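# Examining the three-dimensional arrangement
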Amino acid sequence: MAARQGRVNNNGPTHFLCIPLLRRQLARNVVAFRADVTNINAAPPLPLPSSAVRPPGTMHITLGVMSLPQPAQLARAVALLRGLCPRTVLAETRAALRRRRGAGRGLACSPRVASQKNEKNEEEEEDDDGSVWLTLKGLHAMQDPSSTGVLYAPPLDANGDNGPGHGRGQQDAGLLFAFCQAVRQRFMDAGLMEPDRRPFLLHATVVNTTHVKSHERGLGQGSGPGAGPGAATAGRGRGGRERMMLDARTLLEEYAEHVWLDRHEVRSLAICRMGAKPKGDRGDEAYEVVEEVAV
């Protein structure tokens, strides 16, 4: 592994590396979800504030955040992304996964069976188009579902590389996770990105109560398992600021099998600036893309 170059700035994050998810299918599903959970005609408790649901134009999968307050730091990150050659990283990642799985199968199989499986893998490799695909399905809570401020849709590896089940502990079984990990490792090795304190989790944020305005925090008050998707209490977010916390257990059950985005080809990687800005005249928002490269 290459030695890290320099240190990440200790200031707050200014940019993030991501997989953009600007697709009509996802946008339609997010709009429909917002209409569902903010419906003022829904039975008590009151609905979620509209600002808790992330705008369609902000949807992405974060690979990591960076603190790049100086132009020279940002220029280094942009140069690294431009010179990354994502297709090469993807090919190397795919080959490494196959070697690791082949070694594991070889230990568990007879030489004859292992040889047959290796031949099958070689045939699959010849048919492979070199792309990586994902599907967004379900809804999970970032914290305890009975008191959480963030709900997200987990990406499943649509290449068929997921292990049994698709929970938080199963993401690292497939090509998608391995590719994202390899890309972010390049930025960590360059000293542009610090590892997360929590285990790396691929996710597309759907609800984030950090964005709820103070005058909206009275919406959705309630408590208990049957309180419904809008049940909320006051909590503390980063920096000690008051934040709406949701009892999302009912909502997670309702959207457990919901497909937000079906078999999406990962087409690009982007560095974006923190802080979404208004987009158009329909209440949408988007992050400023500083640099984007094709995969």
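See the structure shown above.
Computed from a predicted structure; not experimentally measured.

Here we take up the pattern of salt bridges. Counting across every chain of the model gives six salt bridges. Residue Glu-291 is joined to Arg-82 by a salt bridge in which the shortest nitrogen-to-oxygen separation is 3.1 Å. Taken together, the residues Glu-291 in strand β14 (residues 289–294) and Arg-82 in helix α2 (residues 71–82) connect sequence positions 209 residues apart. Of the charged contacts, one joins Arg-184 and Asp-196 as a salt bridge, the two residues approaching to 4.0 Å between their closest N and O atoms. One end of the pair, Arg-184, is in helix α5 (residues 175–189); the other, Asp-196, is in the loop between α5 and β7 (204–208), and 12 residues separate them in sequence.

What follows is about the nonpolar core. By size, the foremost hydrophobic cluster in this structure holds 62 residues, and its most contacted members are Leu-21, Phe-33, Phe-187, Trp-260 and Leu-269. Per-element tally for this core: the top contributor is α5, with 10 residues. Core analysis: the second largest hydrophobic core is formed by five residues, Phe-16, Ala-270, Cys-272 and Tyr-287 among them.

The next thing to look at is α2. Its 12 residues place the ends of α2 16 Å apart at the C-alpha level, agreeing with the 16 Å of an ideal helix rising 1.5 Å per residue. When α2 is considered as a whole, its buried residues turn out to be Gln-73, Leu-74, Ala-77, Val-78 and Leu-81. Taken end-on, α2 shows its buried residues confined to a sector of 135°, consistent with a single buried face. Facing away from the buried side of α2, by more than 90 degrees, are the exposed residues Pro-71, Ala-72 and Arg-82. The inward-facing, buried residues of α2 abut β1 (15–20), β2 (60–66), α5, β11 (268–273) and β14.

Definitions and limits used
- Residues numbered from 1 in each chain as written.
- Predicted model: local features only at pLDDT ≥ 70, side-chain atom pairs only at ≥ 80, totals over all residues.
- Heavy atoms only, no water.
- Salt bridge = Lys/Arg side-chain N within 4 Å of Asp/Glu carboxyl O.
- Helix = DSSP H or I, 4+ residues; strand = E, 2+ residues; numbered from the N terminus.
- Core = buried A, V, L, I, M, F, W, Y, C linked by side-chain atoms within 4.5 Å.
- Buried < 20%, exposed > 50% of the residue type's maximum accessible area, 1.4 Å probe, protein only.
- Expected span 1.5 Å × (residues − 1).
- Arc of directions from axis to C-beta.
- Contact = heavy atoms within 4.5 Å.

The values are spatial; any link to function lies outside them.
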